[in-house]
Protein chains: 2
Amino acid sequence: MSECIKNVNANGTNLSIPPMKVAIIGGGLVGSLAALNFARNGHNVHLYEYREDIRTAELVQGRSINLALSQRGRKALSSVGLEEEVLATAIPMRGRMLHDIKGRTSVVLYDPCTNECLYSVGRKHLNEILLNAGEKFPNIHYHFEHKLKKANFNEGSMSFQRPYEEKDAVATADLIVGADGAFSAVRQQMSKTLGFNYSQEYIEHGYLELCIPAKNDEFQMPPNYLHIWPRNEFMMIALPNQDKSFTVTLSMPFKVFQGIQSHQELLDFFRKYYTDALPLIGEEMLIKDFFKSKPQFLLSIKCNPFHYGDKALLLGDAAHAMVPYYGQGMNAGMEDCSIFFSILHQPHITLARALEQFTETRVQDAHAICDLAMYNYVEMRDLTKRFSFKCRKFLDTTLFRFFPSVWVPLYNSVSFTSMPYSKCIANREWQDEILKKVFGATLFFALTLSGAFIYVNNM
Amino acid sequence: MSECIKNVNANGTNLSIPPMKVAIIGGGLVGSLAALNFARNGHNVHLYEYREDIRTAELVQGRSINLALSQRGRKALSSVGLEEEVLATAIPMRGRMLHDIKGRTSVVLYDPCTNECLYSVGRKHLNEILLNAGEKFPNIHYHFEHKLKKANFNEGSMSFQRPYEEKDAVATADLIVGADGAFSAVRQQMSKTLGFNYSQEYIEHGYLELCIPAKNDEFQMPPNYLHIWPRNEFMMIALPNQDKSFTVTLSMPFKVFQGIQSHQELLDFFRKYYTDALPLIGEEMLIKDFFKSKPQFLLSIKCNPFHYGDKALLLGDAAHAMVPYYGQGMNAGMEDCSIFFSILHQPHITLARALEQFTETRVQDAHAICDLAMYNYVEMRDLTKRFSFKCRKFLDTTLFRFFPSVWVPLYNSVSFTSMPYSKCIANREWQDEILKKVFGATLFFALTLSGAFIYVNNM
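A brief structural summary. Keep in mind the model is a prediction, meaning the values are calculated, not measured. (Residues numbered from 1 in each chain as written. Chains lettered and ligands numbered in written order. Predicted model: local features only at pLDDT ≥ 70, side-chain atom pairs only at ≥ 80, totals over all residues. Heavy atoms only, no water.)

The next thing to look at is the relation of the copies chain B and chain A. Between the two copies of the chain lies a relationship made up of a rotation around an axis and a movement along it. The transform that puts chain B on chain A rotates by 180° and translates by 0.1 Å along the axis, for an RMSD of 0.0 Å. Such values leave the two copies arranged in the relation of a two-fold axis. No C-alpha of chain B approaches the rotation axis more nearly than that of Ser199(B), which lies at 2.0 Å. Take the interface residues of chain B: 100% of them recur as interface residues in chain A, which is what a same-surface contact looks like. (Least-squares fit on C-alpha atoms with pLDDT ≥ 70 in both. Contact = heavy atoms within 4.5 Å.)

Residue and element names in this part refer to chain A. Reading across the sheet, the 6 strands line up as E8-E7-E17-E18-E19-E16 and stay open at both edges, with mixed pairing between neighbours. Sheet topology places strand E8 (105–109) and strand E16 (205–212) at the edges, where each strand pairs with a single neighbour. Strand after strand, the sheet turns through a mean of 20° between neighbouring axes, direction not considered. In the sheet, strand E18 (residues 234–240) pairs with strand E19 (residues 246–253) via 6 bridges, with the strands oriented antiparallel. When the sheet's bridge partners are listed, Leu239 is paired in E19 with Thr247. Against the sheet, helix H7 (residues 263–273) makes contact with E16, strand E17 (225–231), E18 and E19, and its axis sits at roughly 80° relative to E18, the strand it touches most. (Pairing = 2+ DSSP bridges. Helix = DSSP H or I, 4+ residues; strand = E, 2+ residues; numbered from the N terminus. Axes fitted to C-alpha atoms, helices over the stretch in contact; angles between N-to-C directions.)

Residues and elements named next belong to chain A. Taken together, the side chains of Phe402, Phe403, Val406, Trp430, Ile434 and Val438 make up a nonpolar region of the molecular surface, amounting to roughly 570 Å² of accessible area. Mapped onto the elements, Val406 comes out in the loop between helix H13 (386–402) and helix H14 (410–416). Judged by its relative accessible area of 46%, Val406 is partly exposed. (Patch = residues over 30% accessible without salt bridge, like charges linked within 9 Å, V, L, I, M, F, W, Y side chains within 5 Å. Areas by Shrake-Rupley, 256 points an atom, 1.4 Å probe, with all protein chains shown as cover. Salt bridge = Lys/Arg side-chain N within 4 Å of Asp/Glu carboxyl O. Buried < 20%, exposed > 50% of the residue type's maximum accessible area, 1.4 Å probe, protein only.)

Time to look at the packing of aromatic side chains. Residues and elements named next belong to chain A. Taken as a whole, this structure holds 49 aromatic pairs over all chains when the rule is applied. Both rings, one in Tyr202 and one in Phe297, keep their centres 5.5 Å apart while their planes meet at 85°; by these two values the pair is edge-to-face. Residue Tyr202 is located in strand E15 (residues 197–202), and its partner Phe297 is located in the loop between helix H9 (283–292) and strand E20 (299–304); the two are separated by 95 residues in the primary sequence. Phe297 gets classed as partly exposed once you look at its relative accessible area, which sits at 34%. With centroids separated by 5.5 Å and ring planes inclined at 20°, the aromatic side chains of Tyr326 and Tyr411 adopt a geometry described as stacked. Within this pair, whereas Tyr326 is found in the loop between helix H10 (317–320) and helix H11 (329–344), its partner Tyr411 is found in helix H14, the two being separated by 85 residues in sequence. When sorted by exposure, Tyr326 lands in the same class as Tyr411, which is buried. (Phe/Tyr/Trp six-rings, centres within 6.5 Å; stacked < 30°, edge-to-face > 60°.)

Let us now look at the interface of chain B and chain A. Contact with chain B, which involves 15 residues of that partner, is made by 15 residues of chain A. Summing both sides of the interface, chain B and chain A together bury roughly 1300 Å²; the carbon and sulfur share of this comes to 51%. On the chain B side of the interface with chain A, the three residues burying the most area are Leu194(B), Gln200(B) and Tyr202(B), jointly 38% of the side's total. Our count for the chain B to chain A interface comes out at 0 salt bridges. In this assembly, chain B and chain A are joined by 8 residue pairs in polar contact (both at pLDDT 80 or more). For E15(A) and strand E15 (residues 197–202) of chain B, the ladder comprises 3 bridges, and the chain directions are antiparallel. Pairing of Ser199(A) across the sheet is with Ser199(B), part of E15(B). (Buried area = accessible area lost by both parts, 1.4 Å probe. Polar contact = N/O pair within 3.5 Å; in protein donor to acceptor, adjacent residues only side chain to side chain.)

Next comes the structure, spelled out in structure tokens:
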């Protein structure tokens, strides 16, 4: 793949990389989006997914069922012509609705200036849209119930385990793309190569999903918000669903989960901390859902590089899994596609150089969003300290209103722009610096004034 | 293994854990030492090593050939009655001999007060002593050329690949111990379990081994030192061998290695930076050894926990591989054994609790020595800034002489005591704090004096 043949695809894009056989491991949101992108660039795509086809499956197991789509995800969907279709059924969330311990609510809009919002989307629905779109490409081939067992990057060979089949399926590809999530088998393989830096860090909190069902075919809470019950050491959030229910995510230390053993303990806990949510969930449903399954682990994964020679590439959670507290996991994964394919469209680029450039460009931003998510893990539970949070929010919003191109608050730059994540952090740092200086100067000025006042009064 | 039967072993030690079948993966220094310890405690030990028996092998491949044995390693060897045998052929190194860029040397003793020293030992020789000692136990069974392919901790089952054998060997054990080094297959398996924190970090420097041979059956440099050529961005060290040669380790950034392509470039490089070492190595040998193999990678590995239920345990590099710049890799691995078996000897302890306690006790110290080694990776190359280094060394030594139980310098506490590594770091921190205050006070006193002097002179 070292020679550089120029070809032009159906969309008239100049492509430097000649058509190749691409194996994508993982048919989730990022894998199916990557498949569309590769196919649009004229490559021959084989997508391998270990689960059955979610479009026909009766019960879909896996990760949380709704997600907050924001700018980076929308941009990536737009580039494959799917943004409108996705937004048509998504539910806009204009801000956070905070629920205090007494059940009182207050609203903090995400962006009072431009009315930007997040969109609550169903994971399964979004995945179906992407898979259906791929079905229309003759150069995309789906292989469900294929679990990657082994990959040899240098040879471009893979073997897959299939249910009820004794013999493994084998396949080859010019490029192997790991879009197979936090526990990626492709990354597992890559981590054995020399020079591959890697870390996985579990947090002390687990999560469990509950449900606030629809009542008389209506939402039981205002739907256009991301509902948050911040309780310092723990936290609950709820996102609206198309069927007018809310998916509720309870997040707390494993030791707190373990402390709740009986139905009575559970109800007492909810009466104390989530008094307004309890009647909405319903006592019976709460008990059923809470004791049905164990709380899930949450972890943060970083690695470097994201590629192996001109043979393999990691995208999405496989490259950078993060704790869910910034709502950027899916968005960052989809943005990986935007960035990788914009590199691939550069004139005269080779595949090896494109992969290398992707690592060079993306690693620091992926690490930055992992860190931000971890930071928000503390910040979000702490929103009870609402006065300082609201003060800063007010200040940020005011400055943003007057200097929209200069003063973009951190949350807005992360959620509503495509600014590189590392730049979002750098931005916040100089904003902090300026505020510190302004407050310092104000304090100095105030002290000088009062000094002068005392002096004058004592004259 | 939950019941607690008290039994007494051959040494009269009270043992709370009834005899069990222990599989040790890895027959290197830590694995063979662990085997001896388990056997002395009455357990039935099976040791699996992927290489052939080094005692009969013609060519031993693997890691660096000589090592600096210090207090922690000696203590662990002493507890299995092997310290004397090892020290009999080891070469004491009383300090660092620093070689400057002009070839001038100076000596910095490790411990001018008590004459503590490091011992240069051959890896192969030490490993042979340990394996031979194990041979004497009827309850130790060696299985060479057995490479762990799979392990199921819950079932206690393992399968091994063997050369020239199509079928894998299978085995079971009550406890599986991973002493299989930095690229541990046991840890690999453990890293897939939920809640296992892990990081691997490669450094920018690689290393290559060279040799200063004996001349007329004599050492070409004073033997009782660890020779160091610190050159800021890179570094060379040499340790004496029994056969009167020195093993030289050249450590520098990969990009510097890559910059040396021709014989002439290599010789020019050595003439510039290692002028005194070049004639000792010999130009012909240098060229041969330098271009014979690629520089090796160096990495730091941390994880937590070190155990899985009452089923598996990690020891040595498998649990905490470190860069070699503090000479503590082997010593820390051997100390793992001292600590684990001292826990195991506690009355009424269960295996599950012993493993848990090992993680609780050891993780922070293992992380501490990994960090210290990484810190010394910069410090050691920087010894050219010798004035400040020697000042601090002088100060530390003087204080140590007057307050030997209070002021133990960092290097000495790490190398010549069994103080927990994390405490060594904490110690250094308060020492730094005190020195800062004393120097602050001295400066203040000096300024006050000179102020008074000026005042008096101006009267």
